[in-house]
Amino acid sequence: MAQAKSNSQDDPATGATGDPASEEAHAEARQAIELGKIRAKSEHPDELAPLDLKGPPPSADGISLPETPDKVQPADQTPPEEQQKQLEGLETIEELEKKKHKSTEAFKGDGEDVKPGSKGDEEDAKQSSRTNGEVDSSTKGTSLSDGPGEVVNEHDGPGPLGPGAHAIEGIGTPGMDNELAAQSQVSTVNAAGEDLATGVPAEEDPQVEAYLVDDPGVPVAEVTPIMPFFQRKEGRRTVAVVGVLLSALAILLGVFLTKNNKGQGEDEGQLSEFPSLLPSDLPSSMPSFDARSTLAIVQDRGVLNCGVEDTVEGGAVQFGEYTGDLCRQVAANVLGDPGKVNLVKVGADRFERLHGRDVDLLIAGEESTLAKAVREPTTGGTFLFGYPYYGATVHYIGLQKYVQCAVEQKRFGECKDLSICAYDTSDIRDLMTAFFPGPFVQFGPFPEMEKSLKNGTCNVLLSDTYRIYGSSLQEDIDILTNSGKYFVSDFHIARKQLGQVTRFEDGEWFNIVEGTRHWSAKAFQFGIGKDDSSCPATNGDDFDGSVNFFNGVYCVGNYGEIFQRSLGSHVIGVSSRYITMVDAVKFGPLTCDDCENIIDTDPYLREIVDAGKLKCGIYLDPLLNITTTSVSTLIAEQLCRAIAVAIFQGKPNAAEISYLEEMDFSKFPDEFDVMFGMGWEDAMSNDEGDLLPRRADEWAPSIAYFFHDKYMYKGIKNIGVGKADIFMTNAKRAPRNAQRFPFLVLAIFMAIVDAQRRGISRANFNKMPLIEFLGEGLSFIGRDVVAFAGNYDDIFEEAYAKSDGLIERGWNTVLPNSGQAPRMPTMFCDSLGVCPPAEFAFDIAPGAYYWNWEY
């Protein structure tokens, strides 16, 4: 607390004249004295009058503002003699002001004097204001602590005012400075020069000492703010109690729902709008408090919640029935019973429901794209897409005349009335806006576009076969003769690869779903199909809880049987026995303004960059006689260098390549970053279809880059699509939810395949688009990789020229995204090495044969 001094009795700025009749001024002086907690010496200087602590309740901002004491009455009511008594024992404010520059004994803390640091009338008023516990705007950066005699220097500008100080609206503003100065300069000397309180002639320069009230016997009012409820002791206790109660409620609800759902779904997977709400994943995904894996929760729950698209129910050719069977296969593999499944209808909210644990997986006609996997737009989350379970080609369907106009991109003459309704997706919109001006095309959801075609609003519909043959339009299509009400183009302008989707954090569950698809196709190739006597749900055997991928085949059927039952009996084969197999999903939207560089977010990838080298291992499979001069090995070498080019900004020599003739598939070899030459089944299962436990914690499988023309089953070599060599990365090197390195490896191979489809090679590598969603530092990887390695054909031809020539091209040709294609859901039997008897086939094109299984 600083010392106070009054410079004059008459202040023209305030109108204080020293008139003893100024009762109102006395009241204000009294108020100013009590606000500052000052006790002036009376005629007995050793006696301190106690403070009047009566005051109003705290104001709304937590600050107690004293009112005028009851003893001081308004000037028009209090007699002068009573006023005289009220002021007895008090020295005047003027005297306190005059003392400011003379008294140097103020606060005593460490024994040093604290000297006033302001000059002039204006500063005197401000110093007096500080004496009363208030802060002036011209004294920013200084506050008084509640320790005796301490002066604390603080930062410049507005900020904390020190313990016990509060920012009060109006204080510190220029207008208030004068008002406070006026209140501190009220005169208590009469016209005769006598002190009104004592009747003694006033001294020229009276000495006044001010003290902090630190006497234990004297109560001191401390102003403290009212803290928010949750910060006070009683608030914290309340929050703690409520938190415990909510946690207990959540546990009870989870137990109740788990028990309530057991036994549901026995009705052969009937569609359900309301699945179990019990979470079903590892704890790293937000909505769950359950530490169990998805597999454990599904098995404890006793039912699988499978998200499917709300397609038309019933009918022989139905994608809804087809995806329902895929869900039933998963249920049979993990629960032993295909009926223990809820087919949950999902729409635009499908990823929100998967992320929120309403469903355990999606088989809902969702197109796989890398951009969607890395950062799905509706949730901002990361998801895992399996290998496509169906490749839907995009066709025109409608009146034959206008379908032909659309295929040839004509819009004048006889085509001037062309009107196209297009199913709205990003790739279809990009294509159609390049093919036709705006007035010729309208976009919308499939049900609306289907309705517009039927009511004549448009005369051509553009969509994929997945939706065309899952709708009522199939009733107006003659598949064999193409002579129904609506005509379907043979030419397709795009492909949509539909994949099953799981949450990103649970690699084990992803491999169960992916293994179900993989072994369903292999079973068709091996000649293993539906067999009730081997199905746990029908043969009377108890299900032991172990995952076996053949249970789905025995209980539901293999891929061929499901396809025939749900989508139709149409099969195509080719005389060469080989068809195109190399494929990759689309990138999706490439732009991103705020995507983080995955090198900075994935500690695994950061470790590789810091080491300055990429370590690749190539497995030389002895069963297939693979050597260092085999074409598949040479392709793997070039792909490893391409990954190094992307990571290390054009440095292929940063790749360090080793070869392994023996492998322990139970664990990923820690000395390598990427493994080549392995198939999915090598790491994840055996020939009996059993899931090998916990392999998902070791291996992170990616995409196939080479298909062998022979496969091994139970020690026997067979002709057909053999092992697919895939990229494998180490699943242990980073937390699952932080892993982005597998996406980078996938993006590099996708760029190579995309370059092939676009007709881009080394000579025109700069035509490759920028890939921004992996982060700014990696946006040029497509161009860098193609500039170094070329497209897929470039890599294959160069590797084949250096190889021993023992392995030919076989299936290893990139599947194009546009061209001639069957206009109905069709299965290519040669891709599985199995075709119906040749005598039932007929030619549909040179070297191509067609079967209808309904022979």
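Residues numbered from 1 in each chain as written. Predicted model: local features only at pLDDT ≥ 70, side-chain atom pairs only at ≥ 80, totals over all residues. Heavy atoms only, no water.

J.: Sorry if this is basic, but what is going on with the overall build of the chain here?
T.: Regarding its fold elements, the chain presents 24 helices and 27 strands. Counting across all 855 residues of the chain, residues that qualify as buried make up 52%. A separation threshold of at least 6 residues defines the contact pool for the chain, and within that pool the share at least 24 residues apart is 74%. As presented, the chain carries roughly 39,200 Å² of accessible surface, and 53% of it is formed by carbon and sulfur atoms. (Helix = DSSP H or I, 4+ residues; strand = E, 2+ residues; numbered from the N terminus. Buried < 20%, exposed > 50% of the residue type's maximum accessible area, 1.4 Å probe, protein only. Contact = heavy atoms within 4.5 Å. Areas by Shrake-Rupley, 256 points an atom, 1.4 Å probe, with all protein chains shown as cover.)

J.: Sorry, what's going on with the sheet that holds strand β26 (residues 842-845) here?
T.: With respect to topology, four strands assemble into an open sheet ordered β25-β16-β27-β26, the strand pairing being mixed. Each edge of the sheet is formed by a strand with only one pairing partner; in this case those strands are β25 (827-828) and β26. By the bridge criterion, three bridges tie β26 to strand β27 (residues 848-852) in an arrangement that is antiparallel. Bridging from a neighbouring strand, D843 pairs with Y849 of β27. (Pairing = 2+ DSSP bridges.)

J.: I tried to follow the environment of G560 on my own but got confused; where do I start?
T.: Relative to the helices and strands, G560 resides in helix α17 (residues 559-566). Given a relative accessible area of 1%, G560 falls into the buried group. Separated by 267 residues in sequence, G560 and M827 have C-alpha atoms that sit 8.0 Å apart.

J.: Even after reading the chapter, I still don't get the environment of V814, so can you show me in this structure?
T.: Summarising the element assignment, V814 is placed in the loop between α24 (792-802) and β24 (819-820). When the C-alpha positions of V814 and V582 are compared, they lie 4.6 Å apart, and in sequence the two are 232 residues distant. Discounting residues that sit within four places of it in the chain, V814 has contacts with T580, V582, V753, Q756, R757 and Y792.

J.: I tried to follow the packing of helix α7 (residues 294-301) against helix α15 (residues 507-526) on my own but got confused; where do I start?
T.: The relative placement of two packed helices is expressed as an angle between their axes plus a distance between the axes. Their axes nearest at 8 Å, the elements α7 and α15 cross at an angle of 70°. Classified by the angle between their axes, α7 and α15 sit roughly perpendicular to one another. In this structure, α7 contributes T294, L295 and V298 to the contact, and α15 contributes E508, W509 and I512. Residues of the contact of α7 with α15, tallied by class, amount to four nonpolar, one polar and one charged. (Axes fitted to C-alpha atoms, helices over the stretch in contact; angles between N-to-C directions. Parallel < 35°, antiparallel > 145°, perpendicular 65-115°, else oblique. Nonpolar A, V, L, I, M, F, W, Y, C, P; charged D, E, K, R; others polar.)

J.: I would appreciate a short explanation of the sheet that holds strand β17 (residues 614-619) in the present structure.
T.: Each strand in a sheet pairs with its neighbour through backbone hydrogen bonds, running either in the same direction (parallel) or in the opposite one (antiparallel). Strand order across the open sheet formed by five strands is β18-β17-β19-β23-β20, with mixed pairing between neighbours. Where the open sheet ends on each side, the last strands, each with one partner, are β18 (655-660) and β20 (699-707). This sheet shows a mean twist of 20° between the axes of neighbouring strands, independent of strand direction. Two elements, β17 and β18, share six bridges in a ladder whose sense is parallel. Across the sheet, C616 pairs through a bridge with I657, a residue of β18. Strands β17, β19 (674-678), β20 and β23 (724-730) of the sheet are contacted by helix α22 (residues 741-758), whose axis makes an angle of about 10° with β20.

J.: For this particular structure, what's the right way to read the packing of α22 against α24?
T.: Across the interface, α22 lies against α24 with an axial gap of 7 Å and an inter-helix angle of 100°. Taken as axis vectors, α22 and α24 run roughly perpendicular relative to one another. On α24, the residues touching F749, I752 and Q756 of α22 are Y792, D793 and I795.

J.: Any chance you could explain the state of the cysteines here in plain terms?
T.: In a disulfide, the sulfur atoms of two cysteines are held together by a covalent bond. Under the counting rule described, the total for this entry stands at seven disulfides. The partner cysteine of C405 in its disulfide is C415, sulfur to sulfur 2.0 Å. Disulfide C405 to C415: torsion about the S-S bond roughly -75°, handedness left-handed. One end of the pair, C405, is in helix α11 (residues 400-407); the other, C415, is in the loop between α11 and β9 (420-423), and ten residues separate them in sequence. Judged on exposure class, the residue C405 and its partner C415 are both buried. The disulfide bridge from C616 ends at C640, spanning 2.0 Å between sulfur atoms. With the S-S bond torsion at 90°, the cross-link from C616 to C640 turns out right-handed. Of this pair, C616 sits in strand β17 while C640 sits in helix α20 (residues 631-647), and the two are 24 residues apart along the sequence. When sorted by exposure, C616 lands in the same class as C640, which is buried. (Disulfide = S-S within 2.5 Å.)

The values reported here are purely geometric and, on their own, carry no functional implication.
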